Amino acid sequence: MTLDAKIPSGPVAEKWEKHKFEMKLVNPANKRKYHVIVVGSGLAGASAAATMSELGYQVSCFCYQDSPRRAHSIAAQGGINAAKNYRNDGDSVWRLFYDTVKGGDFRAREANVYRLAQVSVDIIDQCVAQGVPFAREYGGLLANRSFGGAQVSRTFYARGQTGQQLLIGAYQALEKEIAAGGVKMYSRHEMVELVLVNGVARGVIVRDMVTGEIQSHAADAVVLATGGYGNVFYLSTNAKGCNVTATYRAHKKGAFFANPCYTQIHPTCIPVKGDYQSKLTLMSESLRNDGRVWVPKRKEDCAKAPGDIPEQDRDYYLERKYPSFGNLSPRDIASRAAKEACDDGRGVGPGGLGVYLDFADAIKRLGAKAIEERYGNLFEMYERITDENPYKVPMRIYPAVHYTMGGLWVDYNLQSTIPGLHVIGEANFSDHGANRLGASALMQGLADGYFILPYTIGNYLAQAKLEKVTTEHAEFVAAREAVAQRTTRLLNIKGTRTVDSFHRELGKIMWDKCGMARDRAGLEWAIKRIPELRAEFWENVNVPGSASELNQSLEKAGRVADFLEFGELMCRDALHREESCGGHFRTEYQEEGEAKRNDDAFAYVAAWEFAGEGKAPTLHKEALEFENVHLATRSYK
Amino acid sequence: MNLTLRVWRQAGPAAAGAMREYRAEGISPDMSFLEMLDVVNEGLIAKGDEPIAFDHDCREGICGMCGMMINGAAHGPQRLTTACQLHMRSFSDGETITIEPWRATAFPVLKDLVVDRSAFDRIIQAGGFISAPTGSAVDGNAIPIPKLDADDAMDAAACIGCGACVAACPNASASLFTAAKISHLGSLPQGQPERSRRALAMVAQMDLESFGGCSLFGECMEACPKGISIDTINTMHRDFLFASATKRDVKEWSGGA
Amino acid sequence: MLSFWQSSVGKKAAMGLTGLIVVGFVLVHMAGNLQFFVGPSKFNEYSHLLRHTLIELTWIVRLVLLAAIAVHITAAWQLTQRAKAARPVGYERRDAQVSTYASRAMRWGGVYLLVFIVYHILHFTTGTLHPAYDEAQAYGNVVIGFSSLWVSLFYLGAMALLSLHLYHGTWACLRSLGLAKPSSNPLERRIALIVAIVVPAGFSLLPLSVLLGIVR
């Protein structure tokens, strides 16, 4: 199978407009005859479900939380980018496009990124109209800040709760459509299988998490908006429930998984404290606007209190290594530099896995009041967790898994390799390449959901010749049966280890071997070790309770079972990509400590096809062409 | 730290429940409250017992999924803090901790500490939105909004929908939740066209969901992890009164051709 | 109007409005009572004014108050039932964090005040429960009425509860009617505190002065 990205012809700036015109429309009277399933209710899922309902489609939306408002988009703090150029500082659609392609280390698809930059401006307007309380200047106009290493101020924000406010906006739109009858919402329902009829995605199997009932839902198209797979590392900044199940189940049914090894490690998280730790907490990257990152120059000083280390004995390593970007270097670079400092034995705090983020200079320069206004809620959160006062003692931070750029492969229309299966938001792979810029995740989720998918799905529905399918179709019956069997199997193992203990062990393997730095030996070891762990899981896991009740252990077991397969795929992708790019750093491929890309051999999207249980997946390549942003070494020096 | 937990256990929505006692041993003061429960649960599973079911997701205090009554206070003793952000250093060694689910007719218990808060979603459905279909928006800067209004909106919009306000209220009232949304949207120019309809519809739905009325005890504000002010309730009452006084019927001939 | 009354917010607003009417009344009533300390003739004259000269006005006020209290009590009763139904299974432990004792005493305190009002009317307005009632001698009625320790203690207890009721109620009335100004400390109440001290204190001066033998 050759991958056809279906990128429209013509200059990059005109592709989307042209494509919008060329796409087939569904007659307004016919829209209500089409039923679309949306799995996930985060920024992408909620905005897509609401918008499609506004257009007239019948939508069923599923989420595993108790309300669509809880999706983990809510946790994004910093902001959302848009090429509004309200600051008159030289921003433009083209510049946002350029920055995103370059920031993604030339591993993203130009056409998608350009479209993302184009619709970014509409997102802000849409959100303002919905009542998202973006920060404002005294003149009443929208405020902006520079974020995550961007040299223009294009980030819109709502205090430190931008993700929350955008999600609540989308959630309210969704609830409005639920009230209007266009969307049927299924909260506390987890998708456990995708159903294909004649090779086309026609429905899902979900588990009602309260009663345990296995339900079938049929539709004309299925949209996955199920987020990223960062929890494969066990410890990440993701919510506890985030999982790979929906996308991995789709993968096993034929959807290609693209670039799974591209994971983003966020540089500013609160360091791990003990082995009971259940998740990592991110501190907004905006902190790096005013905080200075340092470690002691000498290992001997690490145990000292930070205040006892004089200025000349401190190594402000980001400012030293990357003088033009300094503390605002992109996430992958800042993360790796922190790891290097700690690997060098100069890390601070318990276990030596931490670096200082110091606000002393900023407080001296701007006053504690100004710092409190900017970061008060973050400082409070830090103090609650660590019991240390960051106004007095520098924060300690360490990188943590935060976002996954990889995801199901989609074409320009956001359709996967399974006809009818569309994938949006973090769950797809399309826009961020090998590294995502700060404040771009919210932008992409909403771009896909509000402005792209509602168009492209119409194009699909208008052309697809779909037979009528009910949930009594043999494929649905078989899928239900398979789900029930898998559940019974999990419950009957009655082993001695808890689900969490397997998850922790997998997470440690992934972090050690497929985390911030990867090498051949480690990845090969992991590819051998993960199947062993998986085998042990299926023999020795202990899942208490029954299938017909609210059973949180069972929910976790299903997710971890998928992570145990997916982790291996990730390692395989990381092993095959013999270069360093963005969030993927192979220690063998570096030059003077900097990532070394190999554009001749690896300027492609690696899309993996499931080849059967126990078989190595098949690699498909989508060549990436850079016609507008020319391949160059990414330098922030 | 070693602690004694008294926890509400209930097998299902229709089952009878009871308080049960558990030991939590070797707890680190740096653990979050939910991590402490994780540790207790791992122990329960090892012993062949059923783990304590509780809702949680982001564990960083923003998703609003977690929530439980801890020693008689919603989300526990620390102000402006959700259960997931509460740390064990707030307790002392040897303490007995009472843990109960949110209690309200509108929040039926599903299992142990897990309750059904879908009533909140239905209150939002009744009118907690601005009808702005995708694509219909004007430029974000077309309507300037005074900073103080935007700040007021943001203060109210900070609600995470956790239900602590209901749990803490002696009347089990959802006034703070409902009022926060009415205040958020009512503070913005975009929210004006639907302001009256919103107040009437959301209040009606709130009543329909069997929440209690507001007696202005103030407990909700204290329990709110986001510190939402009962001033929002004042706003809700004002909007409701204004809307009631100026209510207009939809004209029968207002439909299109 | 019906849907307004059926709404919990509508009922609270009704309680707020009727509450304010009664607050206004008790302020005037208390101020009028203070004429007791000017002397018997002044006080008896005041009584005569209300009972004969301005009797039409008195009746209007009585009817308004009666209606206000009826609405207030009905709404309070219904909201109490609603609150009870909203949490049929209570907590094993729920600690009051910031709610005042006054706010928690509103319901039973209100019942006490109702009993008190009925007694008070039978005591001083109709004289039914007065040992030596003489309509023309309002001053004497007060002195004789309060010379019973138990009666005075009952009155003083009612004033203590009135104080609590006013402390929470005056503040809550304004908020139920949406009339409060946004505040950084919305639980703070200054006007209500003044009303809650001044009104019951003014009323209490009468039984106290009789009990302590200051007035004979």
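The preceding data block contains the structure.
Notes on the structure follow. (Residues numbered from 1 in each chain as written. Chains lettered and ligands numbered in written order. Predicted model: local features only at pLDDT ≥ 70, side-chain atom pairs only at ≥ 80, totals over all residues. Heavy atoms only, no water.)

## Structural notes on the interface of chain C and chain B
Just so we agree on the cut-off: By the convention used here, residues are in contact when the closest approach between their heavy atoms is within 4.5 Å. Salt bridge criterion: a side-chain nitrogen from Lys or Arg within 4 Å of a carboxyl oxygen from Asp or Glu. Pairs of N or O atoms are called polar contacts if they sit within 3.5 Å, as long as, within protein, a hydrogen donor faces a hydrogen acceptor (for residues adjacent in sequence, only side-chain-to-side-chain pairs). Comment: elements are numbered from the N terminus, with helices defined as DSSP H or I runs of at least four residues and strands as E runs of at least two. Under the grouping applied here, Gly and all other residues not named as nonpolar or charged are polar, the nonpolar ones being Ala, Val, Leu, Ile, Met, Phe, Trp, Tyr, Cys and Pro and the charged ones Asp, Glu, Lys and Arg.
With 45 residues of chain C at the interface, the matching set in chain B holds 46 residues. Connecting chain C to chain B are three salt bridges. Note that Asp207(B) is salt-bridged to Arg82(C), the shortest N-O span being 3.8 Å. Inspection of the region where chain C meets chain B yields 28 residue pairs in polar contact (both at pLDDT 80 or more). Among the secondary structure elements, those contributing two or more residues to the side of chain C that touches chain B are α1 (2–6), α2 (8–33), α4 (55–86), α5 (101–104) and α8 (149–176) of chain C. Its residues placed into classes, the side of chain C that touches chain B shows 21 nonpolar, 13 polar and eleven charged.

## Focus on helix α7 (residues 245–252) of chain A
All names here are of chain A. The cut-off we apply is this: Between buried and exposed lies partly exposed: a residue is buried under 20% and exposed over 50% of the maximum accessible area for its type, with that area taken using a 1.4 Å probe on protein chains only.
By the criterion of burial, α7 is predominantly enclosed, with eight of the eight residues buried. Looking only at α7, the buried set comprises Thr-245, Ala-246, Thr-247, Tyr-248, Arg-249, Ala-250, His-251 and Lys-252. Trailing α7 by a residue or two, Gly-254 shows a phi angle of about 125°, which is positive.

## With respect to empty space enclosed by the protein
Where empty space is left can be seen by rolling a probe of water-molecule size over the atoms. Our working definition: A cavity here means a set of points on a 1 Å grid, drawn over the protein atoms and nothing else, where a 1.4 Å probe fits but cannot get out; a pocket is an open set with protein on both sides within 12 Å along at least five of seven lines, and a residue lines either one if it has an atom within 4 Å of a point. Grid points are joined across faces, edges and corners, and a volume is the space filled by probe spheres set on the points.
Using the criterion set out here, one finds eleven cavities of 30 Å³ or more in the structure. Empty space within the largest cavity amounts to approximately 870 Å³. For the largest cavity, the lining is made up of 50 residues, of which His72(A), Ser73(A), Gly227(A), Gly228(A) and Glu426(A) are closest to its centre. Residue assignment for the lining of the largest cavity shows that the elements contributing at least two residues are α3 (43–55), β6 (189–197), α7, β15 (395–404) and α12 (441–463) of chain A. Counted as a void, the second largest cavity has a volume near 610 Å³. In terms of lining, the second largest cavity is formed by 40 residues, of which the most central are Gln552(A), Glu555(A), Lys556(A), Arg559(A) and His56(B).

## Description of the pairing of strand β11 (residues 263–269) of chain A
Residue and element names in this part refer to chain A. Under the convention used in this document: Two strands form a pair only when DSSP identifies at least two bridges running between them.
Among the seven residues that make up β11, seven are buried, leaving the element largely enclosed by the rest of the structure. Alignment of β11 against β15, held across five bridges, turns out to be antiparallel. Across the sheet, residue Ile-265 finds its bridge partner in β15, namely Val-401.

## Here we look at the arrangement of the chains
Contacts are most numerous between chains A and B, taken over all two pairs of chains that touch. Between chain A and chain C there is no contact; the minimum C-alpha to C-alpha separation amounts to 17 Å.

## Some thoughts on the environment of Thr268(A)
All names here are of chain A. Along the chain, the position of Thr-268 falls in strand β11. Accessibility expressed as a relative area gives 0% for Thr-268, which makes it buried. Along the chain, Thr-268 and Cys-61 lie 207 residues apart, while their C-alpha atoms are 34 Å from each other. Residue contacts for Thr-268: discarding those within four places in its chain leaves Leu-282, Met-283, Ser-284, Glu-285, Arg-288, Leu-357, Ile-397 and Tyr-398. Within polar-contact distance, the side chain of Thr-268 engages the backbone oxygen of Met-283 at 2.7 Å.

## Topic: the sheet that holds β6(A)
Residue and element names in this part refer to chain A. Put simply, the rule is: In this analysis, axes come from line fits to C-alpha atoms, helices being fitted only over the stretch in contact, and the angle between any two N-to-C directions falls in the range 0 to 180 degrees.
Pairing is antiparallel across the open sheet formed by three strands, whose spatial order is β6-β7-β8. Every other strand in the sheet has two partners, leaving β6 and β8 (214–218) as the edge strands with one partner each. Sheet twist, expressed as the average angle between the axes of neighbouring strands with direction ignored, equals 25°. Looking at chain direction, β6 and strand β7 (residues 200–208) are connected through eight bridges and run antiparallel. Paired with Leu-194 across the bridge in β7 is Val-204.

The values reported here are purely geometric and, on their own, carry no functional implication.
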